[in-house]
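Analysis of the macromolecular model
One-letter residues, chain by chain:
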Amino acid sequence: MSSFEEFLQDYEAREIKESEKFIKGLKEGTVSQNEAYPPKDRFVKLKEPTARSTTNIWGEIPFYGSTLVHLVPYYDKKAFDDFHKSHGFTSKDIDKMIDLAKDTGRIQFLIDRPTSYKNLDFLEPLFYELKPPSPMPWPQLLIEKTHKKYLIEFDTLTQVGFSRYIESSALFGGQMSAKDLWATYAFAYIALKTLGYGELAEEIGSLMISNPPEAVRYLNLFADLIVAPQCDTLKSIYNFDRAFLTEAHKLGKPYGAIIDENIPYEIGKFLLNKTVLYPETFDGCMKVIQEYKDLELYKVLGALNEGVKRTNIDIIGDKKVEASEILDNVWKDADKMKLGSEGISFGVSLDIGLIGELAAGLPGTGLLVGLGFQAIDRFWGVKSESLSEKIAKFVSPNYLVTVYDFKKKHALTD
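Just so it is clear, the structure is predicted and the values come from calculations on it, not from any experiment.

The rules behind each value
- Residues numbered from 1 in each chain as written.
- Predicted model: local features only at pLDDT ≥ 70, side-chain atom pairs only at ≥ 80, totals over all residues.
- Heavy atoms only, no water.
- Helix = DSSP H or I, 4+ residues; strand = E, 2+ residues; numbered from the N terminus.
- Buried < 20%, exposed > 50% of the residue type's maximum accessible area, 1.4 Å probe, protein only.
- Contact = heavy atoms within 4.5 Å.
- Areas by Shrake-Rupley, 256 points an atom, 1.4 Å probe, with all protein chains shown as cover.
- Salt bridge = Lys/Arg side-chain N within 4 Å of Asp/Glu carboxyl O.
- Pairing = 2+ DSSP bridges.

Re the overall build of the protein
Of the regular secondary structure elements, the protein holds 17 helices and seven strands. Here the protein holds 414 residues, and 54% of them are scored as buried. Within the protein, counting contacts between residues at least 6 apart in sequence, those at least 24 apart form 79% of the total. Entry remark: accessible area of the protein is about 18500 Å², with carbon and sulfur atoms responsible for 51%.

Here's the deal with the pattern of salt bridges
Under the defined criterion, the tally for this structure stands at 13 salt bridges. The partner of R242 in a salt bridge is D405, and the shortest N-O contact between them spans 3.6 Å. Of this pair, R242 sits in helix 11 (residues 242-250) while D405 sits in strand 7 (residues 399-405), placing them 163 residues apart in sequence. By relative accessible area, R242 is classed as partly exposed at 22%. Look at the salt bridges and you will find they share partners, linking K78, D82 and K85 into a network.

What about the pairing of strand 3 (residues 107-110)?
For a regular strand, side chains alternate in direction, first toward one face of the sheet and then toward the other. Covered by surrounding structure in strand 3 are I107 and F109 together with Q108 and L110, the residues of both alternating faces. Examined bridge by bridge, strand 2 (residues 66-70) and strand 3 share four bridges and lie parallel to one another. Pairing of H70 across the sheet is with L110, part of strand 3.

No statement about biological role is implied by the geometric values presented.
Spelled out as structure tokens, the structure:
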């Protein structure tokens, strides 16, 4: 056993101990509704607002206090790079990302089960220097007596052929281990059931038997769109691109799944609809941050997000104007920057909207409704006092979402 693998075993034991301590406090009522997991002091120089990255991280970082990047534990460096390059980085960028985290806190990392990174020794400095936390142990929280039946359902469905498909994916695809993949998909299925999206979960169950690749596609997409946002105790801003949302809308049509009725929220009103600069590389990101350091757009978005959480319409209105003016100035000044060699693009549309209960109280056409989605008011769907109900009380569905439209509308010039 390598020293890194031994380190990861100890690391994982500590993470489990911390999560068990949190769960105990949640059951006993000693965890307040405002408490987050992982605790914010587990991060280095964390700044609000926090955002969850699902697109190219370099285009997101300038807009937020801290951008949270999930490191997926693939089998080897090549598989790790093949996956993460769509997010703008590979293993070659890890050292400078560590420096960025330590110096500014503008980038943060979240990990899965620590021992699943044993083959990725290039991440050893990141583990030692930043000590990234694992997120909330949702499977343990969700699988209570009332939810064990969903685990049994999922396990039964996998026996027909889905388990073999997962094993072959892990073996030939260079992905996570079959065990980790199984746990990931089980959690998504159980969470959809628990959160009240039974019809969608039933369609996924059918696909697990008839079309395993399509079932995986459903599980991955709706884990990002439904499960992750509603289970986020850090209450981060989520970033999506319009193609992702469009895919979610169209996904169920060939199989008769009524996806429109299973989307958990509406973006209630456009707060912004601006065309912005979009850095696609580390150097471009640093240039945009430095060029507009004094504007500190992330502070405006932070205040805006607080207004959403507190249902403070006045803050939302004021900050909408301020953010709009800042982005106008950023765009007007774009021709002053030498962009061609810096990996900065023109013409990316940035939409910021509301999600959750607050959205229902605001006028205007919702972005997801514009795509054909319908808002529904179900959240967790628990009726009696339980651990799940306690979770629901401190997981707020009210936050911002940012939608990037990557259709370039202007030519890149120096």
